[in-house]
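Architecture and fold: a report
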Amino acid sequence: MIGARRRTALAAMGAAGVLMVSACGQIYPSSAPAQGPANGVKSDVHQVVVGFAQQQLQAPYFAAMQVEAQQIADQQGFKILIQAANKDPVIQMNQMQAMMAQGADVLIVNATSVKGQKEMMTQVASKIPVVYIDTSVPGTGTTSVQSDNLTIGRESGKITAQRFKDMGKTSIKMVILTGPATDEFVGPARRQGFLDGLKEGGMPFEIQSEQAGDYAQDIGQVAAENMLAAHPDTDLVMGLNDSMTLGAYNVINGKDKYKNVYVAAAADGQKEGEALIKSGGCTGKYISTGLNSPSLAAQEALQIAVDIATGKKKPSDYPPQSFTKAVGIGCKNIDDYYDPNSVF
């Protein structure tokens, strides 16, 4: 039996026009990308409506991105509609349909599933320009503004490798805090990048365990406790973001039995993690993270959305993908990036 939420999503997809039927009965796919704002070009930015379909707000990174987006909208005078899908593609479909019905000219979408939303996003993008942020569905939409997660992870891994070499280590045993099962692209890229960085830094490693921390500090803390209890000889807990890594830090901090355990984040550059890198210096427990600014991503994605809505640019003017700056952050360059007053 199909549940009510599922029926709603199916109806919404039907409303989006998966197929168009001509008068002669021939069927044509309605999948060509939209080449202009959904409600026509607006002459004034104050007339623009941007829909922002966020995948979730549980992780501080996404919450900060929403704060930045609302601040930009308030400063420039356009209307922004923001919805978060709690990592559920069905909910996200319904929310996108609702924002389109409320007059959105352009959608900014942080996709919940790289693989599972291909057909859905093809159809949505045929009705309205879609600018992806953070997580995209390749082959659909106008363009994407993303972090170069592979490079960010690699640069963080290289910093961590050097720190362990400075400690006289010739190899490390590590455990990894991962994202949820729906994390099909961002997390795996960060993970692979960090491991590549360890290799490039000349630090052999053994992965003893991996558990999902869902990018949340409390869940990451529990997962870290479980893995460290099972593997007390661990040298490093690596989290795919700072939030989970902060949870791991809470587990080891001040505990004698974990005096030889360190933590590192593959990415994010969350200010609480950076504060620990700064306070600990080059002997601290929190070794590294990577720059992944929600502010930069929001600024770039919203600029694209407004330019399309006001006719300054056409969707075809943009490349399929662009990346924000990728940097590893450790004790030696922390002062270049740590800002205690930043939104994230």
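The present account deals with the structure reproduced in this document.

Rules used in this analysis
- Residues numbered from 1 in each chain as written.
- Predicted model: local features only at pLDDT ≥ 70, side-chain atom pairs only at ≥ 80, totals over all residues.
- Heavy atoms only, no water.
- 1 Å grid on protein atoms, 1.4 Å probe; cavity = no way out; pocket = protein on both sides within 12 Å on 5 of 7 lines; lining within 4 Å.
- Points joined across faces, edges and corners; volume = space filled by probe spheres on them.
- Helix = DSSP H or I, 4+ residues; strand = E, 2+ residues; numbered from the N terminus.
- Nonpolar A, V, L, I, M, F, W, Y, C, P; charged D, E, K, R; others polar.
- Axes fitted to C-alpha atoms, helices over the stretch in contact; angles between N-to-C directions.
- Left-handed = near helix turned anticlockwise from the far one by under 90°.
- Contact = heavy atoms within 4.5 Å.
- Core = buried A, V, L, I, M, F, W, Y, C linked by side-chain atoms within 4.5 Å.
- Buried < 20%, exposed > 50% of the residue type's maximum accessible area, 1.4 Å probe, protein only.
- Pairing = 2+ DSSP bridges.
- Phe/Tyr/Trp six-rings, centres within 6.5 Å; stacked < 30°, edge-to-face > 60°.
- Lys NZ or Arg CZ within 6 Å of the ring centre and 35° of its normal.

Turning our attention to empty space enclosed by the protein. All told, the structure shown has one cavity of 30 Å³ or more when counted by the stated rule. Counted as a void, the largest cavity has a volume near 210 Å³. For the largest cavity, the lining is made up of 23 residues, of which Gln 55, Phe 62, Asp 134, Asp 183 and Tyr 215 are closest to its centre. When residues of the lining of the largest cavity are traced back to their parent elements, those giving at least two are α2 (60-76) and α6 (186-200). A class-by-class count of the residues in the lining of the largest cavity yields nine nonpolar, eight polar and six charged.

Bringing the layout of surface pockets into the picture now. A volume near 210 Å³ is recorded for the largest pocket. What lines the largest pocket is a set of 14 residues, and nearest its centre among them are Leu 291, Ser 293, Tyr 337, Ser 342 and Phe 344. Where the lining of the largest pocket is concerned, the elements lending two or more residues are α9 (271-280) and α10 (294-309). Taken together, the residues of the lining of the largest pocket sort by class into five nonpolar, five polar and four charged. Forming the walls of the second largest pocket are 15 residues, and the residues nearest its centre are Ser 136, Pro 138, Gly 139, Ser 144 and Pro 320. In terms of residues, the lining of the second largest pocket owes the most to one element, strand β7 (residues 143-147), which gives three residues. The residue makeup of the lining of the second largest pocket, split by class, is six nonpolar, nine polar and no charged.

Two elements in contact, helix α5 (residues 149-166) and α6, have axes separated by 6 Å at closest approach and are oriented at 35 degrees. In terms of crossing hand, the pair formed by α5 and α6 is right-handed. Contacts between α5 and α6 involve Asn 149, Leu 150, Gly 153, Arg 154, Ser 156, Gly 157, Lys 158, Thr 160 and Ala 161 from the former and Val 186, Ala 189, Arg 190, Gln 192, Gly 193, Phe 194, Asp 196, Gly 197, Leu 198 and Glu 200 from the latter. Here the residues of the contact of α5 with α6 are counted per class, giving six nonpolar, eight polar and five charged.

In terms of nonpolar packing, the biggest core is built from 71 residues, with Phe 78 and Ile 108 touching the most fellow members. Per-element tally for this core: the top contributor is α10, with nine residues. For Ile 108, the residues in contact, after removing those within four places along its chain, are Val 50, Gly 51, Phe 52, Ala 53, Val 131, Ile 133, Ala 301, Leu 302 and Ala 305.

The six strands lie next to each other as β4-β3-β5-β6-β7-β13, forming an open sheet whose pairing is parallel. Edge positions in the sheet fall to β4 (79-84) and β13 (322-324), since each has one partner strand and no second. Neighbouring strand axes in the sheet, compared pairwise and without regard to direction, differ in orientation by 20 degrees on average. Where strand β3 (residues 49-54) lies against strand β5 (residues 106-109), four bridges are found, and the strand directions are parallel. Considered in β5, the bridge of Gly 51 is made with Leu 107. Sitting on the sheet, helix α3 (residues 89-101) is in contact with β3, β4 and β5, with an inclination near 175 degrees to β3.

Applying the stated criterion to the full structure yields four aromatic pairs. Between Tyr 61 and Phe 62, the aromatic rings sit 5.6 Å apart at their centres with planes inclined by 80 degrees, giving edge-to-face as the arrangement. Like Phe 62, Tyr 61 is buried. When the ring of Tyr 249 is compared with that of Tyr 286, the centres are 6.3 Å apart and the planes differ by 50 degrees; the resulting orientation is tilted. Here the residue Tyr 249 occupies a position in helix α8 (residues 242-252), and Tyr 286 occupies one in the loop between α9 and β12 (289-290), the gap between them amounting to 37 residues. Residue classification places Tyr 286 among the buried positions, given a relative accessible area of 1%. Taken together through their ring pairs, the aromatic side chains of Tyr 61, Phe 62 and Phe 344 make up a single cluster. Geometry around Tyr 262 places Lys 285 over its ring, the cationic atom sitting 4.8 Å from the centre.

Take the sheet that holds strand β11 (residues 262-265) next. Pairing between the strands of a sheet comes from backbone hydrogen bonds, and it takes one of two forms, parallel or antiparallel. Here four strands make up an open sheet; going across it, the order is β9-β8-β10-β11 and the pairing parallel. In this open sheet, the two strands that pair with only one neighbour each are β9 (205-212) and β11. Direction aside, the axes of adjacent strands within the sheet are offset by 25 degrees on average. Along the sheet face, α5 touches β8 (172-178), β10 (236-239) and β11 and points at about 160 degrees away from the line of β11. Running at roughly 135 degrees to β9, helix α7 (residues 217-230) makes contact with β8, β9 and β10 of the sheet.

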